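Chains, contacts and geometry: an overview
Each chain, letter by letter, is given below.
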Amino acid sequence: MEFEFDLIVLGAGSGGLAAAKRAASYGAKVAIIEVNKIGGTCVIRGCVPKKLMVYAANNRRNMLSSEGYGLISKEITFESNILLKNVREEVSRLSVLHSNSLKKLNVKVFEGLGRFLNQNTVEVVCPKTKNILRKVSAKSILISVGGKPKKLNIPGTDFAWTSDDIFELKDFPKKLLIVGGGYIACEFASIFKNLGTEVTQLIRGENLLNGFDKDLSECLEKSMTSLGINLKFKNQLKSIKKINDGLESTLESGSKLLTDNILVATGREPSLKRLNLDTLNLKMDGIYLEVNELNKTSISNIFAIGDIVKRPNLTPVAIEQGRVFADNYFAALKRKVNYENIPKAVFTIPEISTVGLSEEKANEIYSEVNVQVFKCNFTPMSNTFKKNKSKCMLKLVVNKKNDKVLGCHMFGEAASEIIQMVAVSLNTGITKKDFDTTMALHPTISEEFVTMYG
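The following refers to the structure shown. (Residues numbered from 1 in each chain as written. Predicted model: local features only at pLDDT ≥ 70, side-chain atom pairs only at ≥ 80, totals over all residues. Heavy atoms only, no water.)

With that settled, the discussion passes to a nonpolar patch on the surface. Taken together, the side chains of Tyr-69, Leu-71 and Phe-385 define a hydrophobic patch exposed on the protein surface, amounting to about 330 Å² of accessible area. Assignment of secondary structure puts Phe-385 in the loop between strand 21 (371-378) and strand 22 (392-399). (Patch = residues over 30% accessible without salt bridge, like charges linked within 9 Å, V, L, I, M, F, W, Y side chains within 5 Å. Areas by Shrake-Rupley, 256 points an atom, 1.4 Å probe, with all protein chains shown as cover. Salt bridge = Lys/Arg side-chain N within 4 Å of Asp/Glu carboxyl O. Helix = DSSP H or I, 4+ residues; strand = E, 2+ residues; numbered from the N terminus.)

Below is the structure:
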C-alpha cells in the first residue's frame, strides 16, 4: 500500500517532537497531530512554566531574608498578574520556536485531535465542533499524547483546580488548599507559600514524596512546616461546596476548611480515551499501553512513548525514547534507552534531587548488613547572614561488598545541578573510594560529597 506519510506522530509534546524531528532529519515524510499548543505538558503547562514560578518564589524568599547582607527593603510588592502574564508569554514563545523547527524540517502539522480509524489511518477532529477536518495515513504511527491530571471522584470536584489550570490564572489566591503529597503538590505548595499565599496541604498518607528516600521526605517536611505550610497527614478530601466567593472543603476527619481555591494534585494518568483505541485492540499494561523494549505495541507498526507507557514518566526519558525510536526505524542504529540511574528533582524551595537507589530500596535489594550510608547535614554558607536558616542534607548509599555507590541524594540549594553531574559518575560504576580520592572544590556545597566519612 502507498501511504501519505512515513510516520504520523500523535502528540506534539517533548517525546513526540523529538521523534518527529529526528525522523524528518533522516528524510522521512512526517506528520504530527496536536490538539493544543505545540510543546506538550512540559513546555506549556508543566516543567517550564513551573520552574519560572519557582525562580520568582525563590527570589522573593531571598529578598525577604537578606537583611544580614545589608540588603534592606522596606516593602516588597508581589504582583502575581505580572508573573503569570510573563510566564504565558514565554510559553508561547517556546511553542512558536518548536513550530518553526518543525517547518524547517518539513514536518506537516495538523491542528486537532488525532483519532484512529485503523492501524494505518488517523482522522483529525476539531475538538470544539467534533467535525472531521481530514484523514491521514502512514506506514508507522507513534502515540505520544502524554498524561493528564487525575480528578477526585467526590461531590464538587469541578470546583477544584488541577495543575493545568494554574498557569491560566489572572492572580494568586490568598488562601489555598492543596490536595496531594507528591512532587507536584509539594512544588506548588512551596511556590504559593513563598509568594505570599496561605497554604494548607492535605496528604492521604503519613509522608511526603512516597518512593523517595525517607531522609529527603523528612527534610522536606521540616522545611515546609518551618515555612508555615499547614501539613495535614492521614486525611482525605470528601467533598467541596461553594460558599459565596470561597470553597468549603469537608475532610474525612469531619473538619471543614474555607479557602479561596483548591488545587488537586493527586497524580497523573495516560490521556488515551479520545484516541479511539478500541478499534485496534492494543494490549494494555494496566492503564498504560503495553510496549516492548523498542516501544513497539502489540500491533507491529504502532509505537508508544512517554507518559502513556509504564516507564519513568519524565521529560528527558520521553525525549530519549522518541530519538531512539527514530534512530532505530529510520536509520537502523539499533539503540536502546538506558533506564539506569535516571536523576530526578523536586523543585521545592529548597529543592530535592536524587539518583540511584534510596536507602530503603538498597536495603531491600542488597540486605541492610551490606549497605552503608554516609550522610551530612549543615547550613549552607549562603544562609550565614539570612533569617532563613534552611539546611542542606547530602547522602550516599554504598554497597559494602564492592564499594559501589548505589544512590546519591540531596536536599538543598542547587541540588538538581549537582545531582545531574553525579548521575554521570553513577553510570560509570563509581565507588566510594573514587569520591574520597577526588579533590574538593572549596567553599561549595557539593564538596561535602567528596569529604564524607563514616
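A few words now on the side chain of Arg-61. Looking at where Arg-61 falls in the secondary structure, it is placed in helix 3 (residues 47-64). Comment: no salt bridge for buried Arg-61; closest opposite-charge side chain is Glu-413, at 8.6 Å. Side chain to side chain, Arg-61 and Asn-388 meet in a polar contact 3.0 Å long. Leave out the neighbours within four places in its chain, and Arg-61 touches Asn-194, Leu-227, Ile-349, Pro-350, Asn-388 and Ser-390. (Buried < 20%, exposed > 50% of the residue type's maximum accessible area, 1.4 Å probe, protein only. Lys, Arg positive; Asp, Glu negative; His and termini not counted. Polar contact = N/O pair within 3.5 Å; in protein donor to acceptor, adjacent residues only side chain to side chain. Contact = heavy atoms within 4.5 Å.)

With that out of the way, let us pick up unusual backbone geometry. Across the junction of Ile-349 and Pro-350, the peptide omega takes the value -5 degrees, indicating a cis bond. On the secondary structure map, Pro-350 appears in the loop between strand 19 (344-346) and strand 20 (352-356). A positive phi is found at Asn-276, a non-glycine position, where the angle reads about 60 degrees. The residue Asn-341 is not glycine, and still its phi comes out positive at about 50 degrees. Relative to the helices and strands, Asn-341 is located in the loop between helix 8 (315-331) and strand 19.

Once that is clear, we can look at the state of the cysteines. Under the definition given, this model contains zero disulfides. With no disulfide partner, Cys-42 has as its closest neighbouring cysteine sulfur the one in Cys-47, 3.0 Å distant. Note on Cys-42: relative accessible area 13%, which makes it buried. Counting only cysteine sulfurs, Cys-392 is the nearest neighbor of Cys-219, a cysteine outside any disulfide, at a range of 9.4 Å. (Disulfide = S-S within 2.5 Å.)

A few words now on the side chain of Thr-259. Here Thr-259 lies in strand 13 (residues 256-259). A polar contact is formed between the side chain of Thr-259 and the backbone oxygen of Asn-261, at a distance of 3.0 Å. In this view, Thr-259 contacts Lys-175, Leu-176, Leu-177, Gly-246 and Leu-247; residues no more than four positions away in its chain are not counted.

Moving on to the sheet that holds strand 20. Strand order in the open sheet formed by five strands is 19-20-23-22-21, and the pairing between neighbours is antiparallel. Unpaired on one side and paired on the other, strand 19 and strand 21 mark the two borders of the sheet. Put simply, the sheet's adjacent strands are angled 10 degrees from each other on average, direction ignored. Here strand 21 pairs with strand 22 via eight bridges, running antiparallel. Each residue of the ladder has a partner; that of Cys-376, found in strand 22, is Leu-394. Against the sheet, helix 10 (residues 415-427) engages strand 19, strand 20 and strand 23 (405-411), with an angle of about 5 degrees to strand 20. (Pairing = 2+ DSSP bridges. Axes fitted to C-alpha atoms, helices over the stretch in contact; angles between N-to-C directions.)

Moving on to the pairing of strand 11 (residues 237-243). Of the strand pairs in this sheet, strand 11 and strand 12 (residues 246-251) are connected by six bridges, and their pairing is antiparallel. The residue of strand 12 that forms the bridge with Ile-243 is Gly-246. The loop that links strand 11 with its antiparallel partner strand 12 comprises two residues; one of these, Asn-244, has a positive phi angle of about 55 degrees.

Here we come to the sheet that holds strand 9 (residues 198-202). For sheets, the rule is that strands pair by backbone hydrogen bonds, running either parallel or antiparallel. Here we have four strands laid out as an open sheet, ordered 10-9-8-14, and parallel in their pairing. Two strands bound the open sheet, and with one partner strand each, they are strand 10 (230-232) and strand 14 (261-264). When strand polarity is set aside, the average angle formed by the axes of neighbouring strands in this sheet is 20 degrees. Relative to strand 10, strand 9 is paired through three bridges, and the arrangement is parallel.

This paragraph deals with helix 1 (residues 14-25). Compared with an ideal rise of 1.5 Å per residue, which puts twelve residues at 16 Å, helix 1 spans 17 Å between its outermost C-alpha atoms and is within 8% of the ideal. Counting buried positions over the twelve residues of helix 1 gives nine, a clear majority of the element. Within helix 1 the residues assigned to the buried category are Ser-14, Gly-15, Gly-16, Leu-17, Ala-18, Ala-19, Ala-20, Ala-23 and Ala-24. Following helix 1 by one or two positions, Gly-27 adopts a phi angle in the positive range, close to 95 degrees. (Expected span 1.5 Å × (residues − 1).)

Once that is clear, we can look at helix 3. Between its first and last C-alpha, helix 3 extends 26 Å over 18 residues, near the 26 Å set by a 1.5 Å rise per residue. For helix 3, every residue scored as buried is listed here: Pro-49, Lys-50, Lys-51, Met-53, Val-54, Ala-56, Ala-57 and Arg-61. Looking at the packing, one finds that the buried side of helix 3 touches helix 2 (40-45), helix 4 (80-104), helix 5 (163-166), helix 6 (183-194) and helix 7 (214-227).

Among the secondary structure elements, Leu-258 is positioned in strand 13. Considering only alpha carbons, one finds Leu-258 and Val-317, 59 residues apart in sequence, at a separation of 40 Å.

With that settled, consider the nonpolar core. Membership of the largest hydrophobic core comes to 44 residues, with the highest contact counts inside it found for Met-53, Ile-166 and Phe-188. Among the elements of the structure, helix 2, helix 3, helix 4, strand 8 (175-179), helix 6 and helix 7 are those that each provide at least two residues to this core. Looking at which element gives the most residues to this core, the answer is helix 6, with seven residues. In this view, Met-53 contacts Leu-83, Leu-84, Val-87, Ile-166, Phe-167, Phe-172, Ile-191 and Leu-195; residues no more than four positions away in its chain are not counted. (Core = buried A, V, L, I, M, F, W, Y, C linked by side-chain atoms within 4.5 Å.)

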